[in-house]
Structures are given as C-alpha cells and as structure tokens.
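# Tertiary structure, described
What follows is the residue order along each chain.
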Amino acid sequence: EAHNSAFSRSSAAKCPPRFLSFTTIPSGVKRIESNAFGDCYGLTEITFEGTPDDLSDTAFAGCMGLKTINVPWSKGAVEGAPWGADSATVNHDYVK
C-alpha cells in the first residue's frame, strides 16, 4: 500500500514502517535528510517524480528490503546513489 502522508512540501519526514511498501516522492519535495527512511523495513520500491535539491547519501540507510529506486534524472546528476540502500537498483531516466 502506498502511503504518501510522510511528505511535506519541502522535505520528507521519517516514514511509518509498517504501512509503507512502495511510495512516490512528489516533485515538490526538495530535501530528504539522513536516515529519513531508516526504519522502513517493508519498503521495496521508491519512485521520484522530481529531483530534490538535497538528497542525503544515507537517506535510505537501513532499508534492507528496498530493491528499486526509480529516478527521472540521468546517472550522476545526483550524487550518492543508492543513498544508503546498498541492495537497491537505481533506474535512471525513469518515466512513469
């Protein structure tokens, strides 16, 4: 079940772990802090609609189930991939 209430207009808050298996990060989110998704054990897929200005290189640290990160930007455009989710595959230039 997708659960997007974790997001504010400018940043992503810590996600509620038991409710989130996949989510879309809206284009209005400009900042994702370190370990913002650190407790999201059930999270398997994230899709970005836009490009955040500030994406911590450990934003998804501890997301052991995260397998797929879909991003609309080209490889290398945002440093730090996979942003702490070592088992995840990043799909660059992703179009939904």
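This structure is a prediction, so every number in the text was calculated from the model and none was measured.

## A closer look at the pairing of strand E3 (residues 45-48)
Strand direction decides the pairing type here: strand E1 (residues 22-25) and E3, joined by 4 bridges, are parallel. Bridge pairing in E3 places Thr24 opposite Thr47. Bridging between E3 and strand E5 (residues 68-70) involves 3 bridges; their strand directions are parallel. By the bridge assignment, Glu45 is partnered in E5 with Thr68.

## Looking at the nonpolar core
Counting residues in hydrophobic clusters, the biggest one holds 23 residues, and the most contacted among them are Ile32, Phe37, Phe48, Phe60, Leu66, Ile69 and Trp83. For Phe60, the contacting residues outside a window of four places in its chain are Ile25, Phe37, Ile46, Phe48, Leu66, Ile69, Pro82, Trp83, Gly84 and Ala85.

## So, the confidence of the model for the protein chain
Of the residues in the protein chain, 80% have a pLDDT of 70 or more, and the chain-wide mean is 82. Counting interchain partners and residues more than four positions distant, the pLDDT-below-50 stretch residues 1-6 has 17 contacts.

## Points about the pattern of salt bridges
Under the defined criterion, the tally for this structure stands at 1 salt bridge. In this structure, Glu33 engages Arg31 in a salt bridge whose closest nitrogen and oxygen atoms are separated by 2.0 Å. Judged by relative accessible area, Arg31 falls into the partly exposed class, the value being 30%.

Rules and cut-offs
- Residues numbered from 1 in each chain as written.
- Predicted model: local features only at pLDDT ≥ 70, side-chain atom pairs only at ≥ 80, totals over all residues.
- Heavy atoms only, no water.
- Pairing = 2+ DSSP bridges.
- Helix = DSSP H or I, 4+ residues; strand = E, 2+ residues; numbered from the N terminus.
- Core = buried A, V, L, I, M, F, W, Y, C linked by side-chain atoms within 4.5 Å.
- Buried < 20%, exposed > 50% of the residue type's maximum accessible area, 1.4 Å probe, protein only.
- Contact = heavy atoms within 4.5 Å.
- pLDDT = per-residue confidence, 0-100.
- Salt bridge = Lys/Arg side-chain N within 4 Å of Asp/Glu carboxyl O.

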